[in-house]
Amino acid sequence: MQIITTINEMKALSDSFRKKNERIAFVPTMGNLHPGHIQLVERAETLAPKTIVSIFVNPLQFGANEDFDAYPRTLEHDRYLLELANVDALFTPARNEIYPDKNSNKEVIEFPGLSDILCGASRPGHFSGVAVVVKHLFETVQPDIAIFGEKDYQQVLVIKKLVAEYDLPVEIITIPTQRESDGLAMSSRNGYLSEQERQVAPLLYKTLCQARDQLRAKAVHFSEIEQQANEVLTKAGFKPDYFSIRHSGDLSEPAEDEKQLVILVAAYLGKTRLIDNILI
Ligand code: AMP
């Protein structure tokens, strides 16, 4: 596996693949890799002869009081996992490669009505930060395909919008959320949970499943399902940020007879903000 740290080297390698007509599948990450990330990599490998993974903890997508400094950085172990997974190249740029001067991290890419609702409302600027870095990474890595996890459902829609609005020549593929055996969605942030919080955390997915079942039974209004779920989570010690039934295509508020639905949740457990969702 080639380890690449500069934009020039990364572009040169991608150019060399492209010259040989070798398609590139790309998996952007922030590292601290878990089996969910490896699933993305394995999917990438089925889609193109060359697979490139990036690890970059992107300061632009963290708010001032968020966990940028504390975010787990485990590069040695990540490298080992990616070698095992037969990745062709790992791109780990330093911060000043992506944001070389003061102005370069002032770029803003917002999609009103999408990037400013749900997680975007609680974390202003988060999805702009994601869109800016993904655009930079796409321009550098020049992938044909990029693979993202449905765990970050709103992020996927933001990236699809980014690709459409800027006419980026990248196909976006998604994979379902990978879970622990008790249902908890795998996440780099699960490591923040205390032992006791870890025991409680699977309730998030359980509550989503219960809400899905209520939706399917069609016996209860959306707002009641949301309210009940919030109560269940609060009782168990979560501080829910939102529990929301939305249109799965654009996250707009759905009519009660809408069929294309997704239920999304974000909730704090202690200091850890967990997110999850379930497609109906
Ligand atoms: P992150 O390193 O958390 O920014 O995530 C990098 C990519 O991995 C994103 O596309 C995430 O949606 C995806 N991802 C993270 N956790 C999971 C999971 N449990 N299942 C599937 N994909 C995931």
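Rules used throughout
- Residues numbered from 1 in each chain as written.
- Predicted model: local features only at pLDDT ≥ 70, side-chain atom pairs only at ≥ 80, totals over all residues.
- Heavy atoms only, no water.
- Axes fitted to C-alpha atoms, helices over the stretch in contact; angles between N-to-C directions.
- Helix = DSSP H or I, 4+ residues; strand = E, 2+ residues; numbered from the N terminus.
- Parallel < 35°, antiparallel > 145°, perpendicular 65-115°, else oblique.
- Left-handed = near helix turned anticlockwise from the far one by under 90°.
- Contact = heavy atoms within 4.5 Å.
- Domains from an automatic or database assignment.
- Buried area = accessible area lost by both parts, 1.4 Å probe.
- Salt bridge = Lys/Arg side-chain N within 4 Å of Asp/Glu carboxyl O.
- Polar contact = N/O pair within 3.5 Å; in protein donor to acceptor, adjacent residues only side chain to side chain.
- Phe/Tyr/Trp six-rings, centres within 6.5 Å; stacked < 30°, edge-to-face > 60°.
- Buried < 20%, exposed > 50% of the residue type's maximum accessible area, 1.4 Å probe, protein only.

### Some details on the packing of helix α9 (residues 203-217) against helix α10 (residues 222-235)
Across the interface, α9 lies against α10 with an axial gap of 10 Å and an inter-helix angle of 155°. Of the possible angle classes, the one that applies to α9 and α10 is roughly antiparallel. Relative to α10, the crossing made by α9 is right-handed. Between α9 and α10, the residues in contact are Leu203, Leu204, Thr207, Ala211, Gln214 and Leu215 and Phe222, Ile225, Gln228, Ala229, Val232 and Leu233, respectively.

### Concerning the domain arrangement of the protein
If you check the domain split of the protein, you get domain 1 (2-175) and domain 2 (188-274). Inter-centroid distance (C-alpha atoms) of domain 1 to domain 2 is 27 Å. Between domain 1 and domain 2, the buried area comes to about 1,300 Å², and carbon and sulfur atoms account for 55% of it. Across the domain 1-domain 2 interface, the total number found is 1 salt bridge. Note that arginine 189 and aspartate 67 form a salt bridge whose closest N and O atoms lie 2.9 Å from each other. The interface formed by domain 1 and domain 2 contains 6 residue pairs in polar contact (both at pLDDT 80 or more).

### Observations concerning the packing of aromatic side chains
In the structure shown here, the tally under the stated rule is 5 aromatic pairs. An angle of 70° between the planes, with centres 6.2 Å apart, marks the rings of phenylalanine 26 and phenylalanine 138 as edge-to-face. Pair noted here: phenylalanine 26 is in strand β2 (residues 24-29) and phenylalanine 138 is in helix α6 (residues 126-141), with a separation of 112 residues, a long-range link. We note that phenylalanine 26, like phenylalanine 138, is buried. Considering the side-chain rings of phenylalanine 138 and phenylalanine 148, the 6.5 Å spacing of their centres and the 65° angle between planes classify their relative orientation as edge-to-face. With phenylalanine 138 in helix α6 and phenylalanine 148 in strand β5 (residues 145-149), this residue pair connects regions lying 10 residues apart in the sequence.

### Topic: the environment of glutamate 97
One can find glutamate 97 in helix α4 (residues 95-98). Given a relative accessible area of 26%, glutamate 97 falls into the partly exposed group. Put simply, glutamate 97 and histidine 247 are 150 residues apart on the chain and 38 Å apart in space, counted from C-alpha to C-alpha. Separated by 2.8 Å, the side chain of glutamate 97 and the backbone nitrogen of isoleucine 7 make a polar contact.

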